[in-house]
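A closer look at the structure
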Amino acid sequence: WAVVTVVVPVVVGLALAVVLNGKVRGKPVLRLIFYTPAVLPLVSVASIWGWLYNPQYGAINAFLRSIGLDSLAQPWLGQNSTALGATMVAAIWLRVGFPMLLYLAALQSISPDLYEAATVDGASRWQQFWHITMPGLKPAHYVVIALSVIDSFKVFDLIYAMTYGGPGTATQVMGTWMYFNVFQYNQAGYGTAIAVVITVVAVAVSIPYVRSQTKEHAA
């Protein structure tokens, strides 16, 4: 869960930011469309995707049936083989907007003169991206990755509202497993240990960002 819901939103968010930083029509509208899911309540997002995944009336299965792919229609949240992937899709849709916004702000702080000089020197767009854009986004990388990792480890609402950790334990993540152990299985010590692990991870991934900011202020 952590790997997919960190890597995919960060990569997609960066790609969208690069595209929207260029000459694209309707940039304000596109920014609004991509960022809107990030400000929705997690329970609302779970309800939206729960309806989309509904095996009988959901839009996804209805679309598959309408194009003759009835065999692909299935209970997406009701079977072990697809439940975790289905919740990941919802999480990715929810989280793409935030990295996009941060990267977009960072891209606008990079001087256009650097790209003009690189173009004059014959650098390709790909070379400009790796040697100008990526180094210029280094501070943003720390923030985006740190916050994404923390969000992925402490996720609870989305999983709880969509699948309740099921079917079985197919979609159990650390947040829901902590909750079930403390409040349902009466294993407060084990649940607390899980909470400590989540806290340690959150602190650990924040250290590089804090160090980078300290160095910048010291310089």
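Our subject is the structure that appears above.
Just so it is clear, the structure is predicted and the values come from calculations on it, not from any experiment.

**Brief notes about the overall build of the chain**
Counting secondary structure elements, the chain contains 12 helices and 0 strands. The order of α-helices and β-strands along the chain, N terminus first, is α-α-α-α-α-α-α-α-α-α-α-α. C-alpha atoms of the chain, sized along the principal axes, occupy 60 × 50 × 25 Å. For the chain, the proportion of contacts with a sequence separation of at least 24, taken over those separated by at least 6, is 61%. Split by element, the accessible area of the chain, about 12,600 Å² in all, is 67% carbon and sulfur. Charge separation in the chain, taken as the distance between the mean sites of 11 positive and 7 negative side-chain charges, equals 2 Å.

**As for the environment of N21**
Within the fold, N21 resides in the loop between α1 (2–20) and α2 (27–39). The exposure class of N21 is partly exposed, given its relative accessible area of 32%. Residue contacts for N21: discarding those within four places in its chain leaves K27, L104, L107 and Q108.

Thresholds applied
- Residues numbered from 1 in each chain as written.
- Predicted model: local features only at pLDDT ≥ 70, side-chain atom pairs only at ≥ 80, totals over all residues.
- Heavy atoms only, no water.
- Helix = DSSP H or I, 4+ residues; strand = E, 2+ residues; numbered from the N terminus.
- Contact = heavy atoms within 4.5 Å.
- Areas by Shrake-Rupley, 256 points an atom, 1.4 Å probe, with all protein chains shown as cover.
- Lys, Arg positive; Asp, Glu negative; His and termini not counted.
- Charge placed at Lys NZ, Arg CZ, Asp CG, Glu CD.
- Buried < 20%, exposed > 50% of the residue type's maximum accessible area, 1.4 Å probe, protein only.

Function-wise, these values are silent; they only describe arrangement.
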